Every structure is written in structure tokens, then in C-alpha cells.
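Now for the letters of each chain:
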Amino acid sequence: QVQLVESGGGLVQTGGSLRLSCAASGRGFSNYAMGWFRQAPGKEREFVAGITRSGSSTYYADSVKGRFTISRDNARNTVYLQMNSLKPEDTAVYYCAADLAPRYVSRRASEYEYWGQGTQVTVSS
């Protein structure tokens, strides 16, 4: 069983920054690919960013490329999402997710076995 707990969400103005954290319980964190997804009201959950087990490779949705950075600290069992130059369209609940048997970093939510409870990010215009 893997438990994921997100933190760091909040209200920020357009152009501002936030850093989300996701702490994982248990052993084996360094074996998981990790992803960040988001879901806005009335929309489907969408891939935001993903990172390989070692952290050597990262992947982003086109909508956040160049503004968001995903990273991980395997010693602390934590994955981060640094969000800069935030826009109102970034407003959503952000979820971290773990893929326990990754062949690659998937952009499909169905490939991830464990999910956090989500943290709200609201960007005001």
C-alpha cells in the first residue's frame, strides 16, 4: 500500500508561483514513476508532468512546458511540482500519482495505481 499526501496548494495571482509537494509513505518510492495531474471543474483529469524513477527524465504537457518543473528527492520519498508564471487556466485540483511498474512515464491516468487526495490551486486574474 502506498499513501500519497499533497501539500502546497493555495490562492495566487496571475504570474505568481507555487510549489506543490507530494510525500509518499512506505518503501519502494525510488522504483515508482511519478506524475502530476490536474482536474478543473467540468473537465477531465489531465496529465501535467511526469518523472522517471531516478529523476533523470521529465515530461510535460504542452500547456505547462517552460513554466512548471517536476523533480523528486528519493531520499525524502517526495516529488515536487514548481509552478511559475501561473495563469487563471491553471486553476484546478492537482493530484500526484504513482506508477509502481513503469515501462515508461505514462500520460494516461489509468496507468497510475495510487493517487493522493489532491490539493486546490486557484489563480486569480
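As a reminder, the structure under discussion sits directly above these lines.
Residues numbered from 1 in each chain as written. Predicted model: local features only at pLDDT ≥ 70, side-chain atom pairs only at ≥ 80, totals over all residues. Heavy atoms only, no water.

**Brief notes about unusual backbone geometry**
For clarity, the threshold we go by: Starting at the N terminus, helices and strands are each numbered in turn, a helix being any DSSP run of H or I of at least four residues and a strand any DSSP run of E of at least two. Here the term buried applies to any residue with accessible area under 20% of the maximum for its type, exposed to any over 50%, and partly exposed to those in between, with areas from a 1.4 Å probe on protein chains only.
In this structure, asparagine 77 is a non-glycine residue whose phi angle is positive, near 55°. Examined against the element boundaries, asparagine 77 turns out to sit in the loop between strand E7 (68–73) and strand E8 (78–83). Classification of asparagine 77 as buried rests on a relative accessible area of 19%. A positive phi angle is found at serine 85, which is not glycine, with a value near 50°. Examined against the element boundaries, serine 85 turns out to sit in the loop between E8 and strand E9 (92–99). On the accessibility criterion, serine 85 (42% relative accessible area) is partly exposed.

**Re the layout of surface pockets**
Which entries qualify depends on this criterion: A 1.4 Å probe that fits into a set of points on a 1 Å grid over the protein atoms alone but cannot get out defines a cavity; an open set with protein on both sides within 12 Å along at least five of seven lines defines a pocket, and lining residues are those with an atom within 4 Å of a point. Grid points are joined across faces, edges and corners, and a volume is the space filled by probe spheres set on the points.
Put simply, the largest pocket is a space of about 160 Å³. Lining the largest pocket are 13 residues, and of these Arg38, Ala40, Lys43, Glu46 and Glu89 lie nearest its centre.

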